[in-house]
Amino acid sequence: MKRKDFIKTSSLLIAGGALAPYMSCDTKNTSGTRTNRAGNYTYKAENYFEPSTVEELQQLVKKPGKQKALGSRHCFNDLADSPENQISTRHLNKMLPLDVAAKTVTVEGGARYGDFAAELDSHGYALHNLASLPHITVAGACTTATHGSGVKLGNLATQVMAMQIVTPQGDIVNIDKSHPDFFGLVVGLGAIGIITNMTLEVQKAFEVAQHVFQELPLTALEGHFDEIMSSGYSVSLFTNWLDKKISQVWVKRRTDEKFAELGNDFFGSKAATKNLHPIVEMSAENCTDQLGVPGPWYNRLPHFKMGFTPSGGKELQSEFFIPRHYAVDAILAIEKKKDLINPQLLISEIRTIAADELWMSPCYHQDSVAIHFTWKQNPAEVSKLIPVIESELQPYQVKPHWGKLFSMKPGMIHERYEKFPDFLKLVKKYDPEGKFRNHYLDLNIYSS
């Protein structure tokens, strides 16, 4: 790759885009450097604030200059950066009283799933699904359409029943499903306002048993992909793309639902005899319990425990969504590039997500499969690989995860989103002066 092409690609990766320690910051820091959680991106915002109340947040937003909300710092690109002011929501992290009649729970904008899941369970309620990590904020996960896995389960934003935002004028606006803009605002990419709380749909608490199988032949996917991915409430495939095998299959089953017995031989893979980390060489101490031992939903649906650092080192992440009917062809296309991919890879994960109605969700009106890459933190090498992967997936209507690394051109992304023109109108309606604009939005949303 020529130097000028490398510089251009690297810039796109940062603007477009498991697991390093959470990094704390001072109450207000206008000097020194601050990075995202993985350490691959250094924020450029001159000022950093940590309001303790919504009223304080409103006053900050009313001040002149560009503003941007910052959550758990899990984005791998500059989506949450600002040319001037970052406003952390880390102190707005409470779960508000449960509404049993409506079957909803409201949490503040800085609450991470792991902060309130056990408390919600203690009241006898659960969320329908969780992501691989409980360390991410609800607001950040929903505004980027982050997801777990499950052929019948929508992404985490599909749990949202209502939300409260602070507008560019510093006003409070409450939006629920009766609002005409609701489905355009939930996956809002931080372009609309700062989320101060979200109201989520809940259901009766349930338990999950997690079973792991090793060395699934890749050929098993060709005739049985849907059957494999439907074998549990939530199913994930982990692979390093070598030896024509899926390294591990994680099958998560609700104990209140009936499934066929898994046995010790699952489509040619063998049941694990001990708890495993997705990267088999690593200790499983950080991972949620397996071997079919039932446990509460919040301690089985994520792969990693809240109380632990999910991995031992820093990393990069990218992820790509394709329509589910293309899944096997897309997986086989990527497998052909294994010799390029594997040297820079820690692990890949393949998951399913059900279709939804959210305009900027990659799963809008489309059952999807997500192919995720957890990379070694070698930016130069990874920046060369991501365009290769995107090129292989182009025939399958690929879309990138909004909060991870990608290099796709904005025009191509816009074409993949049926409601993009309507979303752009909404953004300009809610933020006519561009208070929440930043480099990421200028490139990926506002550019023609």
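Residues numbered from 1 in each chain as written. Predicted model: local features only at pLDDT ≥ 70, side-chain atom pairs only at ≥ 80, totals over all residues. Heavy atoms only, no water.

Draft legend 1. Looking closely at the overall build of the chain. Helices and strands together make up the secondary structure of the chain, namely twelve helices and 19 strands. Here the C-alpha atoms of the chain give a radius of gyration of 21 Å, agreeing with the 22 Å that 2.2 N^0.38 yields for 448 residues. C-alpha extents for the chain along the principal axes are approximately 60 × 60 × 40 Å. Carbon and sulfur atoms provide 50% of the accessible area of the chain, an area that totals close to 17500 Å². One way to put it: in the chain the 48 positive side-chain charges average out to a point 4 Å from where the 49 negative ones average out. (Helix = DSSP H or I, 4+ residues; strand = E, 2+ residues; numbered from the N terminus. Rg over C-alpha atoms; globule rule 2.2 N^0.38 Å. Areas by Shrake-Rupley, 256 points an atom, 1.4 Å probe, with all protein chains shown as cover. Lys, Arg positive; Asp, Glu negative; His and termini not counted. Charge placed at Lys NZ, Arg CZ, Asp CG, Glu CD.)

Draft legend 2. The sheet that holds strand β4 (residues 104-108), seen in detail. Taken in spatial order, the four strands of this open sheet run β4-β8-β6-β7, and their pairing is antiparallel. Since the sheet does not close on itself, it has two edges, and those belong to β4 and β7 (172-176), each with one partner. On average, each strand axis in the sheet is tilted by 15° relative to the strand beside it, whichever way the strands run. In terms of strand pairing, β4 meets strand β8 (residues 194-201) through five bridges, oriented antiparallel. Bridge pairing in β8 links Val107 to Met198. (Pairing = 2+ DSSP bridges. Axes fitted to C-alpha atoms, helices over the stretch in contact; angles between N-to-C directions.)

Draft legend 3. Representation of the pattern of salt bridges within the structure. Tallying each qualifying case throughout the model produces 16 salt bridges. Across the salt bridge formed by Lys429 and Asp181, the nearest N and O atoms sit 2.9 Å from each other. In this pair, Lys429 is assigned in helix α11 (residues 420-430) and Asp181 in the loop between β7 and α5 (182-185), connecting sequence segments 248 residues apart. Of the residues examined, Lys429 reaches a relative accessible area of 53% and is grouped as exposed. Among the residues examined, Asp181 registers a relative accessible area of 8% and is labelled buried. Here Lys337 and Glu392 are joined by a salt bridge, their closest N and O atoms 3.7 Å apart. Here Lys337 is found in the loop between α7 (327-335) and α8 (338-341), whereas its partner Glu392 is found in helix α9 (residues 379-393), with 55 residues between them in sequence. (Salt bridge = Lys/Arg side-chain N within 4 Å of Asp/Glu carboxyl O. Buried < 20%, exposed > 50% of the residue type's maximum accessible area, 1.4 Å probe, protein only.)

Draft legend 4. Geometry of the packing of helix α6 (residues 219-229) against α7. Across the interface, α6 lies against α7 with an axial gap of 9 Å and an inter-helix angle of 145°. The handedness of the crossing between α6 and α7 is right-handed. Contacts from Leu221, Glu222 and Phe225 of α6 reach α7 at Ala327, Val328, Ile331 and Leu332. Per-class residue counts for the contact of α6 with α7 are six nonpolar, no polar and one charged. (Left-handed = near helix turned anticlockwise from the far one by under 90°. Contact = heavy atoms within 4.5 Å. Nonpolar A, V, L, I, M, F, W, Y, C, P; charged D, E, K, R; others polar.)

Draft legend 5. Structural detail: the packing of aromatic side chains. Evaluation of the coordinates by the stated rule reveals 13 aromatic pairs. Pairing Trp297 with Tyr298 gives two aromatic rings, centres 5.6 Å apart and planes at 80°, and the pair type is edge-to-face. A relative accessible area of 0% places Trp297 in the buried class. Since its relative accessible area comes to 27%, Tyr298 is described here as partly exposed. Ring geometry for Phe373 against Trp375: centres 5.2 Å apart, planes inclined by 5°, an arrangement best described as stacked. One exposure class covers both Phe373 and Trp375, and it is buried. Pairwise contacts between aromatic rings join Trp241, Phe320, Phe373 and Trp375 into one cluster. Residue placement shows Arg254 over the ring face of Phe206; its charged tip is 3.8 Å from the ring centre. Above the face of the Tyr417 ring, Lys399 is positioned so that its terminal group lies 4.6 Å from the ring centre. (Phe/Tyr/Trp six-rings, centres within 6.5 Å; stacked < 30°, edge-to-face > 60°. Lys NZ or Arg CZ within 6 Å of the ring centre and 35° of its normal.)

Draft legend 6. Layout of the packing of α11 against helix α12 (residues 439-446). Closest axis-to-axis distance for the α11/α12 pair is 11 Å, and the angle between their directions is 140°. Compared by their axis directions, α11 and α12 come out oblique. For the pair α11 and α12, contact is made by Phe420, Phe423, Leu424, Val427 and Lys428 and by Asn444, Ile445 and Tyr446, respectively. Residues belonging to the contact of α11 with α12 are distributed by class as follows: six nonpolar, one polar and one charged. (Parallel < 35°, antiparallel > 145°, perpendicular 65-115°, else oblique.)

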